[in-house]
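Examination of the molecular architecture
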Amino acid sequence: MSGESSAGGPRSYDVLIVGAGQAGVQTAMSLRQGGFSGSIAIVDAENELPYERPPLSKAYLRGDAEVGEFRFRSADYWTKNSIDLISGMTVESVDVEAHEVLTGVGLRIGYSHLVWAAGGRARRLTVPGADLSGVFSLRNHADAERLRGSLVGARNAVIIGGGYIGLEAAAALVQRGVSVTVIEVQERLLARVTCAAVSDFYSDLHRASGTTVLLSSGVEQILGEHDHVAGVQLSDGQILPADLVIVGVGLIPNVEPLAAAGVVCSNGVEVDGDCRTSVPHIFAVGDCANYKSPFAGGIRVRLESVPNAVEHGKAVASAILSTPNEGMTPPWFWSHQFDTRLQTVGLQAGHDEAILRGEPGQSKFSVIYLRGGRVVALDCINSIADFAQGKLLVAQGTPATAEELADTSIQLKSLTTKVP
Amino acid sequence: MTQITYVSVDDTEHTVNATDGESLMRAALQNDVPGIVGECGGELTCGTCHIYVSNEWSDRVAPQSEGERELLSMMDDVRPESRLACQIRVHPDMHGFTSRISDHQ
């Protein structure tokens, strides 16, 4: 059952997973759940039991939860299920011929199947001052711990990037009494992922909580005093005082060791519907993998979300176990800021019509996206019924008219009875 | 700590000592109770912590919110006693609380 990990001997596993985030952990759990009896190990750079990331920018940052409350499984689980956790090690290279990886500390680990679940790293700014102390990214527990520690006594925070991470952090900081300014280079928040109506709703939400939201604003440099951040200078010359800065400007997928080994990568590792890469016996899953999604008209997408990671983990387990792949469900995602819950299903990129359903002024509405007259995505704000029912519409690509979608007296699920 | 029992689809009973204040979903995950997934972490988004709470216990826990009702209404195998485990917080009056895990997560 276990690998050949006798003292001094070479280590080798039937399934070696690189990365203990959602996708890597799901792969291991689904394999055991499916009755896989071979050896499994997860190698991870962090030195702790695997945990969920979403609470880091929400409850953890607010001080309402500790990491021990959102670990995937207890410490016993891994032992009982014979899943070896090899912590505190990064994988530096992959030898495709020898079927082994080389870690940063010089350990070689062999594999029959390699599952690359290495996620990504926070994109950094290149402006002067980006390396000052007090400038944070938010990706893992260590980041969140340092950031949360810096909030004690902090008065002013500047958040660079008006995406989900930046906005969730903004909400958490405001709730801790810190004065926050969000700087977004685009003309609206969440510009890459949603429509103007939803963007405007979020600007209003954050402004109403006292946050300053600056749109179409670039950062010239981060100013420091004694190597610690003291302010942020914008492109227009304006200087904002800051005790800390959070940079939330996207994620760079960790693919370099695989790319160097000859695995085809573009924006992430290219995989098929079973998460197989271009090299036999190597899979890639989660944030670092891109695949042709039927929900994006067959173009390659790389999604950074928990449900995507879970689906990938299950797909790999099915491929290794030679059981049927359950198939793809529409991608979904959520974000929680203050008491506002955004739930989104489907992929809105490439839509040609966006229908407003409900009243943004009442903080309860949805936007339904159509392509060629069929529903491809929904953004639902405090509208769980629309989200739950809208999943079906996206899954079926239901044709619908603007009139019926905008009519809140019509339940969305009643539209699914029409034959697409 | 409050004693909580989860009954699996195959009638196996899993009794755990849950921390007061945490949700029934978290208590299940922390104690490796199979069948409760909790994919969205308690955000009322996934419906993968579907349990059945008998009448005997249902009035000892907080009632369903509108959101929980809306999400449950679209799930498979929903019954009047359906609940989402992430929405129920453990408290000392729940000692001996028993629920059945739905086959449809």
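Scope of this entry: the structure provided in the associated data block. (Residues numbered from 1 in each chain as written. Chains lettered and ligands numbered in written order. Predicted model: local features only at pLDDT ≥ 70, side-chain atom pairs only at ≥ 80, totals over all residues. Heavy atoms only, no water.)

**A closer look at the packing of aromatic side chains**
Evaluation of the coordinates by the stated rule reveals eight aromatic pairs over all chains. Aromatic pair Phe 201 of chain A and Phe 365 of chain A: ring centres 5.3 Å apart, planes at 70°, arrangement edge-to-face. Residue Phe 201 of chain A is found in helix α6 (residues 196-208), and its partner Phe 365 of chain A is found in strand β25 (residues 364-371); the two are separated by 164 residues along the sequence. Judged on exposure class, the residue Phe 201 of chain A and its partner Phe 365 of chain A are both buried. Plain terms: the ring middles of Trp 332 of chain A and Trp 334 of chain A are 6.1 Å apart, the flat faces sit at 35° to each other, and that makes the pair tilted. Here Trp 332 of chain A falls in the buried class, since its relative accessible area comes to 11%. Members of the aromatic cluster, joined through ring pairs, are Phe 201, Tyr 202 and Phe 365 of chain A. A cation over a ring is seen here: Lys 391 of chain A above Trp 332 of chain A, with NZ or CZ 5.1 Å from the ring centre. The side chain of Arg 79 of chain B reaches across the aromatic face of Tyr 52 of chain B, ending 3.8 Å from its centre. (Phe/Tyr/Trp six-rings, centres within 6.5 Å; stacked < 30°, edge-to-face > 60°. Helix = DSSP H or I, 4+ residues; strand = E, 2+ residues; numbered from the N terminus. Buried < 20%, exposed > 50% of the residue type's maximum accessible area, 1.4 Å probe, protein only. Lys NZ or Arg CZ within 6 Å of the ring centre and 35° of its normal.)

**Some details on the sheet that holds strand β8 (residues 135-136) of chain A**
Residues and elements named next belong to chain A. Strand order in the open sheet formed by five strands is β8-β15-β9-β10-β11, with parallel pairing between adjacent strands. Two strands lie at the open edges of the sheet, namely β8 and β11 (212-214), each paired on one side alone. Strand contacts of helix α5 (residues 164-175): β9 (156-160), β10 (179-183) and β15 (244-247), with the helix running at about 165° to β10, the strand carrying the most contacts. (Pairing = 2+ DSSP bridges. Contact = heavy atoms within 4.5 Å. Axes fitted to C-alpha atoms, helices over the stretch in contact; angles between N-to-C directions.)

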